[in-house]
Amino acid sequence: MAENTKVVMETVRAADHDRYLTALYAPEDKRDALFSLYAFNAEIAGIRDRIREALPGEVRLQWWRDVIAAEEDEAEIGHPVADALKATISTHRLPKAAFDNMLEARVFDLYDDPMPSRTDLEGYCGETAAALIQLAAIVLDPAEAPRFAELAGRAGCAQAMTGLLLLLPLHRKRGQCFVPADILAAAGSSPQEFVTGDGGPGAERAVAAMIALAREHLSAFEQGASALPVSLRPAFLPLALLGAYLDKMETARRSPLKDVARLCVLRRHWLLFRRATRGWPAT
């Protein structure tokens, strides 16, 4: 295994273990491409954690734009993830516009501006998690992937919203609010109140509304998931874990506002194996 390939795979294993596990169910000749996509996603999703100031973070996002926009025949730049991603984009003819949109959406992560509305949140999820699922689907089966673009949108919303719920303690600690302002207002709260102290009396209602919204998108995905061809399953496999994560949030002794819901490795392996081998039942 080439050294760069090892670095890319280990990046995903360390930063996004759930997606790392799902990639192992892909055909061997597709795994490196999936790891490059997931490593790129981990790199840009973690910019705020590595670069504290917003402006240097934007510079880093622009660096990725420049790397992706560069001509395909330019020499490798010596960054394992970037070089692997460029090879994947070229080999699988992935649309560069999708990466540009993803990078633009990630600018939001760098600031503490509140998420304005549910529509804005769904747009953010569409440009990030849903786009990543669709890109993975193109890698796996370019002929079938376009038929399931709408399903990828639902899947991405469910996955991203569940992920944001899992990150609530971190986001609140740094004063960041991904819960839409209209959902907070309906719960009797506000972005400013939600991120301070215990979140105020409306915080738990807002969390419950977010869980319900994630479940709504997950249910919409599951209604169409039985039609997924075997070739595309690995791209959608992270969805196999979402119901268990959401159940955990609702039944945990401590609120998702304070504690991160976790699934043991054995449970995750079982849920992924079941969906990888059996698919999703018709609903």
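Residues numbered from 1 in each chain as written. Predicted model: local features only at pLDDT ≥ 70, side-chain atom pairs only at ≥ 80, totals over all residues. Heavy atoms only, no water.

Caption draft 1: Region of the structure containing the overall build of the protein. A tally of helices and strands in the protein yields 16 helices and zero strands. At 19 Å, the protein has a C-alpha radius of gyration in line with the 19 Å of a compact globule built from 283 residues. Judged by the C-alpha coordinates and their principal axes, the protein covers about 55 × 45 × 30 Å. When each of the 283 residues of the protein is scored for burial, the buried share is 53%. Long-range contacts, defined here as pairs at least 24 residues apart, represent 71% of the contacts in the protein between residues at least 6 apart. (Helix = DSSP H or I, 4+ residues; strand = E, 2+ residues; numbered from the N terminus. Rg over C-alpha atoms; globule rule 2.2 N^0.38 Å. Buried < 20%, exposed > 50% of the residue type's maximum accessible area, 1.4 Å probe, protein only. Contact = heavy atoms within 4.5 Å.)

Caption draft 2: Structural detail: helix α5 (residues 54-69). Here α5 contains 16 residues, and its C-alpha end-to-end distance of 23 Å stays within 8% of the 22 Å for a straight helix at 1.5 Å per residue. Where α5 is concerned, the buried positions are Ala-54, Gly-57, Leu-61, Trp-64, Arg-65, Val-67 and Ile-68. Viewed along the axis of α5, the buried residues span an arc of 165°, placing them on a single side of the element. Among the exposed residues of α5, those oriented more than 90 degrees off its buried face are Leu-55, Val-59 and Ala-69. In this structure, the buried residues of α5 make contact with α3 (28-45), α4 (47-50), α6 (80-92) and α7 (96-105). (Expected span 1.5 Å × (residues − 1). Arc of directions from axis to C-beta.)

Caption draft 3: A look at the pattern of salt bridges. Throughout the structure, instances matching the rule amount to 14 salt bridges. For Arg-118, the salt bridge is made with Glu-216, and the minimal N-O distance between the two is 2.8 Å. Residue Arg-118 is found in helix α8 (residues 118-140), and its partner Glu-216 is found in helix α13 (residues 203-225); the two are separated by 98 residues along the sequence. Residue Glu-216 is classed as partly exposed on the basis of its relative accessible area, which comes to 37%. A salt bridge links Glu-250 to Arg-215, with the shortest nitrogen-to-oxygen separation between them at 2.9 Å. A residue pair is termed long-range when its members are at least 10 positions apart, and Glu-250 in helix α15 (residues 242-251) and Arg-215 in helix α13 qualify at 35 residues. Overlapping salt bridges, with partners in common, bring together Arg-65, Asp-100 and Glu-104 in one network. (Salt bridge = Lys/Arg side-chain N within 4 Å of Asp/Glu carboxyl O.)

Caption draft 4: The arrangement of the packing of aromatic side chains in detail. Summed over all chains, the structure comprises ten aromatic pairs. Ring centres 5.7 Å apart and planes at 25° place the aromatic pair Tyr-20 and Phe-35 in the stacked group. Taken together, the residues Tyr-20 in helix α2 (residues 17-23) and Phe-35 in helix α3 connect sequence positions 15 residues apart. Note on Tyr-20: relative accessible area 7%, which makes it buried. Judged by centre distance (6.4 Å) and plane angle (35°), the ring pair of Trp-270 and Phe-273 falls under tilted. Of this pair, Trp-270 and Phe-273 both sit in helix α16 (residues 265-278), three residues apart, which is roughly one turn of that helix. Lying across the ring of Tyr-38, Arg-19 places its NZ or CZ 5.9 Å from the centre. (Phe/Tyr/Trp six-rings, centres within 6.5 Å; stacked < 30°, edge-to-face > 60°. Lys NZ or Arg CZ within 6 Å of the ring centre and 35° of its normal.)

Caption draft 5: Highlighting the environment of Asp-120. Of note, Asp-120 is situated in helix α8. Owing to a relative accessible area of 37%, Asp-120 belongs among the partly exposed residues under this scheme. In this structure, the C-alpha to C-alpha distance between Asp-120 and Pro-180, residues 60 residues apart in sequence, is 7.8 Å.

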